[in-house]
Amino acid sequence: ALRSAIDSGCRVTIATGRQLGPTAPVADTLPVNAPLILCQGALIQDHRSREILYKQTMPVETARQMIEFATSTELSFQLHTGTGEVLTGVRNPYVARMDTITGVSSRPVSDFGPYLEQPPLKMVFFRHPIDLPELQSQLESRFGDQLQIVRSWRSLIEVTDRSVSKAEAANRLARLLGIEQSET
């Protein structure tokens with residue numbers, strides 16, 4: 001079906017919450033002929049050339065505040081840097097499971113300061129599914145005016161810049177490719 005769509009002139013992409021590392025091998029097995037939409041839409045990147053066509057990061061000061069909140073409340077989290085690194089404060093079963101699912105090993109660090117010299121792409125918070133609604137409510141009340149806070153799996157919440165979404169990234173990619181809105 002994808003090959004037929006491409007043969008008729010369609011452009012095919014993948015839109016995912018993951019970064020390029022675990023997504024590129026999947027894209028290489030499919031007839032993908034457009035850049036990939038990654039990190040919930042925070043990144044549009046060509047999987048072959050690795051060229052970044054669009055990147056929307058989180059505000060550094062807000063990321064600092066979120067890290068302070070997470071560490072003060074002993075939350076499990078990952079910080080996805082703009083360079084593709086995935087960092088964590090503490091390794092635990094939630095972080096280990098996410099590493100297994102994504103195929104990207106997060107690196108434990110005790111001081112996030114040096115990694116916030118560049119703004120991050122996103123943060124991911126882990127909590128038992130029963131406790132996740134309360135965490136989402138806390139994050140939304142503290143940071144919801146600046147950030148997009150989305151429960152994307154039963155035990156995790158992903159946080160990006162407020163302007164980020166896969167739908168907006170798909171629209172942006174269409175514009176980058178010269179595809180009219182009426183053709184999407």
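Everything that follows concerns the structure shown earlier in this document.
Below is a summary of the structure that appears in this document.

Calculation rules
- Residues numbered from 1 in each chain as written.
- Predicted model: local features only at pLDDT ≥ 70, side-chain atom pairs only at ≥ 80, totals over all residues.
- Heavy atoms only, no water.
- Helix = DSSP H or I, 4+ residues; strand = E, 2+ residues; numbered from the N terminus.
- Contact = heavy atoms within 4.5 Å.
- Pairing = 2+ DSSP bridges.
- Axes fitted to C-alpha atoms, helices over the stretch in contact; angles between N-to-C directions.
- Buried < 20%, exposed > 50% of the residue type's maximum accessible area, 1.4 Å probe, protein only.
- Salt bridge = Lys/Arg side-chain N within 4 Å of Asp/Glu carboxyl O.

### Looking at the environment of A174
Consideration 1: Structurally, the position occupied by A174 is in helix α6 (residues 166-176).
Consideration 2: In this structure the C-alpha to C-alpha distance between A174 and D161, which are 13 residues apart in sequence, comes to 21 Å.
Consideration 3: Excluding residues within four positions of it along the chain, A174 makes contact with I179 and T184.

### Section: the sheet that holds strand β8 (residues 147-153)
Consideration 1: Here six strands make up an open sheet; going across it, the order is β6-β5-β4-β7-β9-β8 and the pairing mixed. The sheet terminates laterally at β6 (107-108) and β8, the two strands that pair on one side only.
Consideration 2: Both β8 and strand β9 (residues 156-161) contribute to a ladder of six bridges, which runs antiparallel. By the bridge assignment, V150 is partnered in β9 with E158.
Consideration 3: Strand contacts of helix α3 (residues 60-72): β4 (76-80), β7 (122-126), β8 and β9, with the helix running at about 15 degrees to β7, the strand carrying the most contacts.
Consideration 4: Against the sheet, helix α4 (residues 93-102) makes contact with β4, β5 (86-88), β7, β8 and β9, and its axis sits at roughly 40 degrees relative to β4, the strand it touches most.

### Topic: the pairing of β9
Consideration 1: When you tally the buried positions in β9, you get six out of six residues, the bulk of the element.
Consideration 2: Relative to β9, β7 runs antiparallel, the two being bridged by four bridges. Within β9, the residue paired with F125 across the bridge is I157.
Consideration 3: Linking β8 to β9, which pair antiparallel, is a turn of two residues.

### Points about unusual backbone geometry
Consideration 1: Backbone geometry places C39, a non-glycine residue, at a positive phi of 50 degrees.
Consideration 2: You can see C39 is positioned in the loop between β1 (36-38) and β2 (43-45).
Consideration 3: Its identity is not glycine, yet E74 carries a phi of approximately 55 degrees, on the positive side.
Consideration 4: Considering the arrangement of structural elements, one finds E74 in the loop between α3 and β4.

### Considerations on the pattern of salt bridges
Note that side chains of opposite charge can pair when their charged atoms are close.
Consideration 1: Counted by the stated rule, this structure contains five salt bridges.
Consideration 2: Note that E85 is salt-bridged to R107, the shortest N-O span being 2.6 Å. Taken together, the residues E85 in the loop between β4 and β5 and R107 in strand β6 connect sequence positions 22 residues apart.
Consideration 3: Judged by relative accessible area, E85 falls into the partly exposed class, the value being 30%.
Consideration 4: E158 is paired through a salt bridge with K122; the nearest N and O atoms lie 2.5 Å apart. Taken together, the positions of E158 in strand β9 and K122 in strand β7 put the pair 36 residues apart, joining distant regions of the chain. The pair E158 / K122 is uniform in exposure class, with both members buried.

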